[in-house]
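Now for the letters of each chain:
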Amino acid sequence: MSDDRETRRERALALIRRNIETHGFHVYLVKGGLSPRFAYTIGLSERFGAELVFAGDALCDASDVHRAIAACAERAFVLGDRIDVPHLGSVSAGPVLPEWSTELVLGAMDYLQRSTVACVQIVPDSTRTIDVPSLGLPRDRSPCWKWLSSPCPYRLSDGDVAVTNRRALLGDAVTEAVRWETDQWEAFSCSAEDVQKEDMRVVPLATLVAADESLAPAVELEIGKGMRRTGLTSRWEAWGN
């Protein structure tokens, strides 16, 4: 097994080298598990003195993330810069504390053989969803990331996901939740019938629970069961077959 791991590692390093030679950088996209998705570069440190990190923003798909990183990598970015990204709007360059970078850019540290790597956060300007952290502030200021390196007190696994809606990701309280499969939930800020398909996104259930721990009872729902409430401070009522 150790030989297999070493072979996979060598292949991964070879791919990173090719991408750096061809494009100037490599992008690592990490699903996150109990934390939101994030992406970071490897290879920009030699030119700019820092790698780029794009963390959270479930309203963006993977192509949006790559587009934002590519737009920022084309120029000598500095903190406070605002950069226009086609089809996405503008993004800003923000600071990243070492307590974040040492957790997020492990691949960059491994490839560059460094114990620390300076980073710059790509921050969307238009809409800030609940899963976008402030990497220039201590981690306890970004609730959705509380289980990045700390144990989760709920029975949540890396594969537990929820279909949610745009308004919930922008901060509206989830008022309706149902569990459809062992690892699949729906959690909306309104009735499911009122949610448009284009407003739906799939996120780790842990993201929603971390942002609002009053949603924790959803973790223990039986398959096919649901719960509703009228607002953030109201009690949950059971519903479903």
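A brief structural summary. (Residues numbered from 1 in each chain as written. Predicted model: local features only at pLDDT ≥ 70, side-chain atom pairs only at ≥ 80, totals over all residues. Heavy atoms only, no water.)

### Describing the environment of Trp100
Working step 1: Looking at the secondary structure, you find Trp100 in helix H4 (residues 98-104).
Working step 2: The class for Trp100 is buried, based on a relative accessible area of 0%.
Working step 3: Each C-alpha atom, one on Trp100 and one on Leu137, is 9.0 Å from the other, the two residues being 37 residues apart in sequence.
Working step 4: In contact with Trp100, other than residues within four places in its own chain, are Pro133, Ser134, Leu135, Leu137, Pro138, Arg139, Ser142, Trp145 and Leu148.
Working step 5: There is a polar contact of 2.8 Å between the side chain of Trp100 and the backbone oxygen of Leu137. (Helix = DSSP H or I, 4+ residues; strand = E, 2+ residues; numbered from the N terminus. Buried < 20%, exposed > 50% of the residue type's maximum accessible area, 1.4 Å probe, protein only. Contact = heavy atoms within 4.5 Å. Polar contact = N/O pair within 3.5 Å; in protein donor to acceptor, adjacent residues only side chain to side chain.)

### Overview of the nonpolar core
Working step 1: If you look at the biggest cluster of nonpolar residues, it comprises 26 residues, and the most contacted ones within it are Trp147, Leu156 and Leu215.
Working step 2: Looking at this core, the elements that each hand over two or more residues are helix H6 (166-169), strand E9 (184-188) and helix H7 (205-211).
Working step 3: Sorting elements by how many residues they give to this core places H7 first, with 5 residues.
Working step 4: The residues contacting Trp147, other than those within four sequence positions of it, are Leu34, Ser35, Cys152, Pro153, Tyr154, Leu156, Ala206, Val209 and Ala210.
Working step 5: Membership of the second largest hydrophobic core comes to 21 residues, among which are Val27, Leu52, Phe54 and Cys72. (Core = buried A, V, L, I, M, F, W, Y, C linked by side-chain atoms within 4.5 Å.)

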